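Take a look at the letters that make up each chain.
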Amino acid sequence: MRGTACLALFVQVAAAQVTYDRLLNAGKEPHNWLTYHGSYASQHHTTLNEITRENVGRLKLNWVWQGRSLEKFEPTSLVVDGVMYFTEPPNNVYAVDARTGRVFWNYRHVLPEVTYACCGKVNRGLAILDHTLYMTTIDAKLVALDARTGKRKWEKVIAEYKQGYSMTVAPLIVKDKVIIGPAGGELGIRGFLAAYDAKTGEQAWRFNTVPQPGEPGNETWGLESWKYGGGSVWLTGSYDPELNLVFWGIGNPGPDWNAAARPGDNLYSSSVIALDADTGKRKWHFQFTPNDAWDWDAVQTPVLTEVDVRGEKRKVILWANRNGFFYVLDRATGQFLHGKAFAKQTWAKGLDDSGRPIRNPDQVPSPQGTVIWPGVQGATNWYAPSYSPVTGLFYLSAWEDYWSTYYTYPQQYEQGKWYAGGSVKAPVPATNREEVNNKRSKSAGYGAVRALDPKTGNKVWDFVMSDVSDSGLLTTATNVLFSGNREGHFFALDAATGKLLWRRYLGGQVLSSPISYAIDGRQYVTITSGAAMFTFSLHDPE
Amino acid sequence: MFRAQCGACHGPGGAGGAAGPDLTTGTMKRGNSDESLFQIVSKGIPGTPMPGYGASAKEIWQVVAYLRTLSIGKAAEKAKGNVERGAALYGQHKCGGCHELRGEGGWLGPSLSNVGAERSIGHLYAALREPNRDVAPETWRLRGKTKAGAAVMGVRINEDTFSYQYRDARGLHSVAKSALQQAELVTESAMPSYSAKLTDTEMDDLVAFLANCRVGGGR
């Protein structure tokens, strides 16, 4: 009897191979969370149904994992057959028992003393294929680890970090390739999206997000500004297996606030690109913010679903952009179907019929400073929205009535130094790592969990908060919506109405997306807050 | 170098930006010595967005020297009044009834123990003449009533989606928003204007006294 129980326990915690087939069909194993966004459609939705609106008020804390890093804790975990994998910033990897939080192994990547990350040495998470975990690093490497032992299999230098390149993105695995890109939009990099062989790390293809001379789009960078154009990649994209297209949001053009230094649309910055997953060739692109003067990276989650558009069912991407507009695009062609502002914005009169913004000409950075809505962090940003197939609604963390004063000045590029061509002042800080007290008023900007109707872009409900939120969202098949906020709350709302159902004060800012998984029929929900990770379920911990 | 590397976060003049605090107050929270500033600029502050700069030691000392000039304006200002007469006026007008100074005084207004380093002379005159012109959020008051009928009145020191934290004469309090039947933030200053209560000379003397209120002693 004892022998059989031991064997059962061993089988339970040994991770089975994560084949590409399993990634393709992630929806069929809702008890696991196999990719950064949960599945290729990136809906941040779970079909697990043990937790409901009626019982979520009885959630219990099951375990806490405490990190020891002072860097912002932004990873969204993977869960594979009872083992949870995540990164601790800057580039440490942990495998823990998803039931109890007990550590199996950890890996520490050694970084050089001086590196070039704009906004903290963060890491957003891992990808897994077969028995290999993949991580990008602050010194612009791709590292492959054995998921069973935590031992490094190989690492590959992807870009020269001393030239201002870093990597923070959780990779996306498609077939036998690992797809990643560099950060560094404020350091004059030339961005790209590239695929590497999952076994060897050899480059399979590369797409320049800032096109080189001779490549289409290079002509949209006047004054040879393509040389330090930015176009970073710092959030994981989505994949449509039927179209065989990867969709990716691209960062701001550089210098951030001196658009006069780069006349032209600056393709493919602040755009979504759709590339053939096998060849990396561009199928289509859509630019949200041409000649972006505000640092409004289009680095958001491409949410794939089907929506009724004028009586016809279309395969779309839903996109709430940092620039304050919500877009619905046909994902086969990139055609703009409709869009409208989802938060207060003053920089554009609206969108024309092709989705291009009609700008207010004086709402640009100036030497003496211009007040513009939304502020530099955007009306929303990289933290994951959620689409619920049950309610048909699209949910996001919105920064409402949030503005900044934007300044511009000319600047020469110097390797390894900030190349932003200006600065910004905002009453709401970029992060609350320093601030422990919120002494602002609503007129400085506030946060809300906002539900939009994808058919119209209209707001359906708001859950209004005092401070803003950098937290991702998760919806469940039972209409529970989980999110956190900068104040340190983790809470559950009714996804149909926005009513608050449950909350816990965890004490640290929430900078990742909640995930849900199950083991032996028990549903768990995990979130990070501060430098720790918390897991809840309806059951007493074991 | 400051404007290009530091300005993006600390603002073009160093007075605070979207990610970095005000560097012009004359008091650096993390360490005020030249050595501390050198360490912070070269190594950064772990756990915050402040990165380290791999610039040469000479370049970093240049930045530190420049940082000092940002607050020299305030430090070099000389108030024209008489500090001793100003101290007497402070007592006579019972400013300590609302303001804390060197450990003594009230809680309704901001502490004045370091106001000489934190505020320019011009600001001190303006605060005495037109206190409502620039009321800092730190001084806003919470006024309301609990569902049980008890009055709530104090200086708001923190707020989140579900609660307020405030301070009154009795001490520190935390109250759930759901426990309040009514609540408002009073953003007008509780301080009256002193334009009519002080002669020009007295105003100069009081400002001179306040300009001399610095942690670590006046000049």
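The rules we used
- Residues numbered from 1 in each chain as written.
- Chains lettered and ligands numbered in written order.
- Predicted model: local features only at pLDDT ≥ 70, side-chain atom pairs only at ≥ 80, totals over all residues.
- Heavy atoms only, no water.
- Helix = DSSP H or I, 4+ residues; strand = E, 2+ residues; numbered from the N terminus.
- Buried < 20%, exposed > 50% of the residue type's maximum accessible area, 1.4 Å probe, protein only.
- Areas by Shrake-Rupley, 256 points an atom, 1.4 Å probe, with all protein chains shown as cover.
- Lys, Arg positive; Asp, Glu negative; His and termini not counted.
- Charge placed at Lys NZ, Arg CZ, Asp CG, Glu CD.
- Contact = heavy atoms within 4.5 Å.
- Buried area = accessible area lost by both parts, 1.4 Å probe.
- Salt bridge = Lys/Arg side-chain N within 4 Å of Asp/Glu carboxyl O.
- Polar contact = N/O pair within 3.5 Å; in protein donor to acceptor, adjacent residues only side chain to side chain.
- Nonpolar A, V, L, I, M, F, W, Y, C, P; charged D, E, K, R; others polar.
- Axes fitted to C-alpha atoms, helices over the stretch in contact; angles between N-to-C directions.
- Parallel < 35°, antiparallel > 145°, perpendicular 65-115°, else oblique.
- Phe/Tyr/Trp six-rings, centres within 6.5 Å; stacked < 30°, edge-to-face > 60°.
- Pairing = 2+ DSSP bridges.

> Any chance you could explain the overall build of chain B here in plain terms?
The helix and strand inventory of chain B stands at seven helices and seven strands. Starting at the N terminus and ending at the C terminus, chain B contains elements arranged as α-α-α-α-β-β-α-α-β-β-β-β-β-α. Among the 219 residues that make up chain B, the fraction classed as buried is 42%. A total of about 11300 Å² of accessible surface is found on chain B, and carbon and sulfur atoms cover 54% of it. Separation between the mean location of the 26 positive side-chain charges and that of the 21 negative ones in chain B comes to 2 Å.

> How should I be thinking about the interface of chain A and chain B in this particular structure?
Often the size quoted for an interface is simply the accessible area lost on bringing the parts together. The partner chain B presents 31 residues to the 37 residues of chain A that form the contact. For the chain A face of the interface with chain B, the top three residues by lost area are A:Tyr409, A:Trp418 and A:Lys439, together amounting to 22%. At the surface where chain A touches chain B, the tally comes to zero salt bridges. Here chain A and chain B share 11 residue pairs in polar contact (both at pLDDT 80 or more) between them. Tallying contributions element by element places strand S29 (residues 422-425) of chain A first for the side of chain A that touches chain B, with four residues. Residues belonging to the side of chain A that touches chain B are distributed by class as follows: 17 nonpolar, 10 polar and 10 charged.

> How should I be thinking about the packing of helix H4 (residues 83-92) of chain B against helix H7 (residues 200-211) of chain B in this particular structure?
A pair of packed helices is captured by two measures, namely the crossing angle of their axes and the spacing between those axes. Residue and element names in this part refer to chain B. Contact pair H4 / H7: the axes reach a minimum separation of 7 Å and the direction vectors enclose 95°. Considering the angle they form, H4 stands roughly perpendicular to H7. Counted together, Val83, Arg85, Gly86, Ala87, Leu89 and Tyr90 of H4 and Thr201, Glu202, Asp205, Leu206, Ala208, Phe209 and Leu210 of H7 form the full contact between these two elements. Looking at the contact of H4 with H7 residue by residue, the classes come out as eight nonpolar, two polar and three charged.

> What should I look at first to understand the packing of aromatic side chains in this one?
What describes a pair of aromatic rings is the distance from one ring centre to the other and the angle between the planes of the rings. All names here are of chain A. According to the stated counting rule, one finds 40 aromatic pairs over all chains in the structure shown. On the basis of an interplanar angle of 80° and a centroid distance of 5.0 Å, the ring pair of tyrosine 40 and tyrosine 239 is categorised as edge-to-face. In this pair, tyrosine 40 sits in the loop between helix H2 (20-24) and strand S1 (45-46) while tyrosine 239 sits in strand S15 (residues 238-240), placing the two residues 199 residues apart along the sequence. Consider the rings of phenylalanine 288 and tryptophan 319, whose centres lie 4.9 Å apart with planes at 40°: the pair is tilted.

> Looking at this structure, how should I read the sheet that holds strand S6 (residues 103-108) of chain A?
What holds strands together in a sheet is hydrogen bonding between their backbones, with the strands either parallel or antiparallel. Residue and element names in this part refer to chain A. With respect to topology, four strands assemble into an open sheet ordered S3-S4-S5-S6, the strand pairing being antiparallel. At either margin of the open sheet sits one strand with a lone partner, and together these are strand S3 (78-80) and S6. In this sheet, neighbouring strand axes are inclined to one another by 20° on average, regardless of whether the strands run parallel or antiparallel. Sheet analysis places strand S5 (residues 92-97) next to S6, joined by five bridges and oriented antiparallel. When the sheet's bridge partners are listed, asparagine 92 is paired in S6 with arginine 108.

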